[in-house]
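# Results of the structural survey
Spelled out, the chains give:
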Amino acid sequence: MGSLCSKQRHFDKPENEENGQAAEIERRIEQETKAEKHIQKLLLLGTGDSGKSTIFKQIKLLFQSGFGEAELKSYTSIVHANVYQTIKILHDGSKELAQNEAESSKYIISSANKDVGERLSEIGGRLNYPQLTKELAEEIGSLWNDPAIQETYSRGNELQVPDCAHYFMENLQRLSDANYLPTKEDVLYARVRTTGVVEIQFSPVGENKKSGEVYRLFDVGGQRNERRKWIHLFEGVTAVIFCAAISEYDQTLFEDEHKNRMMDTKELFEWVLKQPCFEKTSFMLFLNKFDLFEKKVANVPLNVCEWFKDYQPVSSGKQEVEHAYEFVKKKFEELYFQSTSPDRVDRVFKIYRTTALDQKLVKKTFKLVDETLRRRNLFEAGLL
Amino acid sequence: MGLDVGVGGQVLDLETAVKDGILGGGGGIGVGGGCGLISTAAAEKLDLKKMIEELEAVEVPSVFICPISLDPMRDPVTLCTGQTYERSNILKWFSMGHYTCPTTMQELWDDSVTPNATLQQLIHTWFATKYSAMKKRSQDVQGRAIEVLEILKKAKGQSRIEALKELRQLAAAHSTARKSLVDNGGVGSLSSLLGPFTTHAVGSEVIAILVSLDLDYSGKTNLTQPAKISLMVDMLNEGSIETRINCTRLIEMLMEGKDFVSENVSSLSLLVGLLKLVKNERHPNGVIAGLRLLKAICSHESLRASIVSIGAVSQLVELLPGFKADCIELALHILEVLSTVPEGRLALKECAKTIPNMVKLLMKVSESCTQLALAILWAVCKLAPEECGALAVEAGLAAKLLLVIQSCYNPVLKQRSAELLKLCSSNYTATNFISKCKLTTTIQ
């Protein structure tokens, strides 16, 4: 088919013009290819909910013009959707726990909120959500404050309560305002499943304004479908930024409630490391959601996760958090070297502690990533 | 000053004479701030012997040097020939029965020695001037170091890096600057700059300064925090060769701290980075630094399996033939320590080059190397006597062992060699074995 078409000639056009056009097109292609070569491609990988998209949004806020009003407005429906989804999960969760748990009484919603709960649950199950009015917000608020729901929330790791739950529930009044325009922070917290691939191109401008590096960041969805089919399209990326939410060691997957999230992350990381297309790629491991990790470690021991079963706490408080973090870091490090064949040991591999919601931290972290990649370039060019 | 020196008919004052280098003192006396020459009285107070000692590196004018000892004179005396010598030296010359002038070879018509007061004062003054200049420079350096340390507390970005670079230069060139830094809380300040968000540019400068300082217990403890060591490990993997060596040396220094636990250096990235250093034959300094740190890490039993897991054993074995003597000893030491754990023994056995390389090293480099190589061979052969014993014999082990037994004085070595010989030969009949050994006729 293709060859047939190309043999067609437009005999009515003078040949000179045609050659001129072809030459111009070729020149343009050559220019673009050259320009492409200087663009460093970064690929965000990680399991669902690991914070990839939050990092993506942060980069947009930091190095591009941020979110314009129109774009902010477009997040209103997403924020409201998150609110409905959250309260539904909590409500249904409390009913489930009331049925299955021995101490069922603490999960039974008070009679005042019972009907409200049923109604909200129904709304949350629809495909299209209604506008978040003040009345609805009040009802959601009172249900949120119901002791049964709070008890359920404390067991959030067993259900699929999203990490933004607390933040949105505490801001219901503002979110339901008639003229509500999402803030930057709201946008960072907003949760929507990434489908397909999104990309942005940016140039980090630091104190050293001559940096001039151009990066293109790709964010792909996190779920487990058909990864192996498209991963090779990213051969030749400069670096993989692998996000791992270290706070999820006691949580299960959205797609499979019997699978521990941390184990899933472990498997994915292993798989990615072994891909032939990433033989020479630098790996930046973001151990994300450190703020949630910090709070969780005090109450939930690390060894509930099979991978961390040999963890021994040594102290308490801040010191223990640090100790736990170092342990997790070491586990990932071990995994990296186990999954890396000797001929790939020259790959750059660095671990960063991140809290994707903290813009300052992300900026500092990215500054380090940028420095590492620039040094790597110099090294490969033989200049270091 | 009032001391006039007649040089070739010209009358100069001492200050000019010394300053302009008439006496061959060279430049460098130019001291600012009007501290040109110290008065004779003050100079007298400074002990000449001490000054000469401290100014050892400085080039002393030839006229101040005793022709006998070639040292600066403290008590110059002149003979009747007009030549001047150090009193004790010329008297010793006389006591040996010589009554000649050592330089002119003339016989002395007068055995009196006249103290050369003028020369003595000149020497004293010259040294005093040099000494005070040095002291001032040193003070300047000390002062500057403290100044820069203050600047560092507030500087950010590029100015921080500039301050660090200056501090690095000062510390590298002057021991007084180093002491000054340590005495003024420099270690703590520098240490506080190291953290999870430290850029490479800043980190590499800080490490370069710290590694040149004398770190005390609290300084080392401060630096042994996981986040800081993590940073050092990162720089060890990414930096220039100089930075890599600095990080390696600094970690080695920290390991000497009392509270050091093996966990602090258990990072696989560190071990992999060290192995890379060791393999980089273009930089012998890096090889030695890497080997030394690996040796220190090996001393922690819990870390030996990790070291083996990154393939250190086979890599070290294969590097041995290319190493110089000091590296060979370090590498053998590491391998021997690793052979004390089962993973290490297995890795040694599985590496094809272990036995031939060890056999080659017997009696080749030094006694301690021979001892280490023997221990390694023993560990491997004990693991699989038939298989390894055969390989060892094929590699010419027997002849070497006999050599050890014959020529070594160390009874322990002799015993070990005998045992090893027995172990390896246990599968052969006597005649078979001897033929396999390809021994020279004399030994046969």
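Taking an unreviewed UniProt entry as the reference, chain B is identified by name as U-box domain-containing protein belonging to Linum tenue. In its Pathway (unreviewed entry) section, the UniProt entry covering chain B states "Protein modification; protein ubiquitination."

Chain A has the name Guanine nucleotide-binding protein alpha subunit in an unreviewed UniProt entry, where Linum tenue is given as its organism. On record in UniProt, under Function (unreviewed entry), the comment for chain A is "Guanine nucleotide-binding proteins (G proteins) are involved as modulators or transducers in various transmembrane signaling systems." What the UniProt record of chain A gives under Cofactor (unreviewed entry) is the line "Mg(2+)".

## Quick word on the UniProt feature "domain: U-box" (unreviewed entry) in chain B
Mapped onto the present numbering, the UniProt feature "domain: U-box" (unreviewed entry) falls on residues 59-133 of chain B. Structurally, residues 59-133 of chain B comprises 35% helix and 11% strand, and the distance from its first C-alpha atom to its last is 14 Å.

## Section: the state of the cysteines
All names here are of chain B. This model, assessed by the stated rule, comprises zero disulfides over all chains. Cys80 provides the cysteine sulfur closest to Cys101, a residue in no disulfide bond, and the two sulfurs are 7.8 Å apart. Taking the relative accessible area as the measure of exposure, Cys101 reaches 0% and is therefore buried. No disulfide involves Cys351; its sulfur sits 11 Å from the nearest other cysteine sulfur, which is in Cys388. Looking at Cys351, the relative accessible area reads 7%, which means it is buried.

## Observations regarding the packing of helix H20 (residues 367-383) of chain B against helix H21 (residues 385-394) of chain B
All names here are of chain B. Packing of H20 against H21 brings their axes to within 6 Å, and their N-to-C directions diverge by 135 degrees. Taken together, the axes of H20 and H21 are oblique relative to one another. Seen from H20, the contacting residues are Val380, Cys381, Lys382 and Leu383; seen from H21, they are Pro385, Cys388 and Gly389. For the contact of H20 with H21, the residue count by class is five nonpolar, one polar and one charged.

## A word on the packing of helix H9 (residues 200-210) of chain B against helix H12 (residues 241-255) of chain B
Residues and elements named next belong to chain B. As a packed pair, H9 and H12 sit with axes 9 Å apart at the nearest point and diverge in direction by 55 degrees. Our classification of the angle between H9 and H12 gives oblique. For the element pair H9 and H12, the recorded crossing hand is left-handed. The residues of H12 that touch H9, namely those facing His200, Ser204, Ile207, Ala208 and Leu210, are Thr243, Asn246, Cys247, Leu250 and Met253. Of the residues belonging to the contact of H9 with H12, the class tally is six nonpolar, four polar and no charged.

## So, the interface of chain A and chain B
In this assembly, 20 residues from chain A lie in contact with 20 residues from chain B. Of the roughly 1700 Å² buried between chain A and chain B, counting both surfaces, carbon and sulfur atoms make up 55%. The largest contributions to the chain A side of the interface with chain B come from Phe337, Leu368 and Arg375 of chain A, which together make up 27% of the buried area. Two residues, Lys276 of chain B and Asp346 of chain A, come together in a salt bridge whose shortest N-O distance is 3.9 Å. Where chain A packs against chain B, one counts 10 residue pairs in polar contact (both at pLDDT 80 or more). Of all the elements in the fold, those that place two or more residues in the side of chain A that touches chain B are helix H15 (317-338), strand E6 (349-353) and helix H16 (359-380) of chain A. When residues in the side of chain A that touches chain B are grouped by element, the largest group, eight residues, is from H16 of chain A.

## Let's talk about the sheet that holds strand E1 (residues 39-46) of chain A
Residues and elements named next belong to chain A. With respect to topology, six strands assemble into an open sheet ordered E2-E3-E1-E4-E5-E6, the strand pairing being mixed. The open sheet terminates on both sides in strands that have one partner only, identified here as strand E2 (197-202) and E6. The average angle at which neighbouring strand axes cross in this sheet is 20 degrees, direction not considered. As defined by bridge partners, E1 adjoins strand E3 (residues 214-220) across six bridges and the pair is classed as parallel. Note on E3: the bridge partner recorded for Gln40 is Tyr215. Together, E1, E2, E3, strand E4 (239-245) and strand E5 (282-288) form the strand contacts of helix H3 (residues 52-63), whose direction differs from that of E2 by roughly 30 degrees.

Thresholds, definitions, all that
- Sequence order as written defines the numbering, with residues in each chain counted from 1.
- Naming scheme: in the order in which they are written, chains are lettered from A and ligands are numbered from 1.
- Totals for whole chains, interfaces and linings use all residues, but because this is a predicted model, local features are given only for residues with pLDDT of at least 70 and pairs of side-chain atoms are given and counted only at 80 or more.
- Only heavy atoms go into the side-chain values, all of them from the structure, while hydrogens and water stay out.
- UniProt positions are given in the numbering used here, feature names are shortened, and annotations may be inferred rather than shown by experiment.
- Runs of H or I in DSSP of at least four residues are treated as helices and runs of E of at least two as strands, each being numbered from the N terminus.
- By definition, disulfides here are pairs of cysteine sulfur atoms that lie within 2.5 Å.
- Each residue gets one of three labels from its accessible area relative to the maximum for its type: buried under 20%, exposed over 50%, partly exposed in between, using a 1.4 Å probe on protein chains only.
- Only C-alpha atoms enter the line fits that serve as axes; for helices the fit covers just the stretch in contact. Angles between N-to-C directions range over 0 to 180 degrees.
- Throughout, the term roughly parallel applies to angles under 35 degrees, roughly antiparallel to angles over 145, roughly perpendicular to angles from 65 to 115, and oblique to all others.
- Residues count as neighbours in contact if any of their non-hydrogen atoms are within 4.5 Å of one another.
- When residue character is reported, Ala, Val, Leu, Ile, Met, Phe, Trp, Tyr, Cys and Pro are called nonpolar, Asp, Glu, Lys and Arg charged, and the others, Gly included, polar.
- Note: crossing handedness is left-handed where the near helix turns anticlockwise from the far helix by less than a right angle, and right-handed where it turns clockwise.
- A 1.4 Å probe defines the accessible area here, and the buried area is the portion of it lost by two parts on being joined, summed over both.
- Any carboxyl oxygen of Asp or Glu within 4 Å of a side-chain nitrogen of Lys or Arg constitutes a salt bridge here.
- Throughout this description, a polar contact denotes any pair of N or O atoms lying within 3.5 Å of each other; where both atoms belong to protein, one of them has to be capable of donating a hydrogen while the other can accept it, and for residues adjacent in sequence the pair is counted only when both atoms sit in side chains.
- At least two DSSP bridges between two strands are required for those strands to pair.

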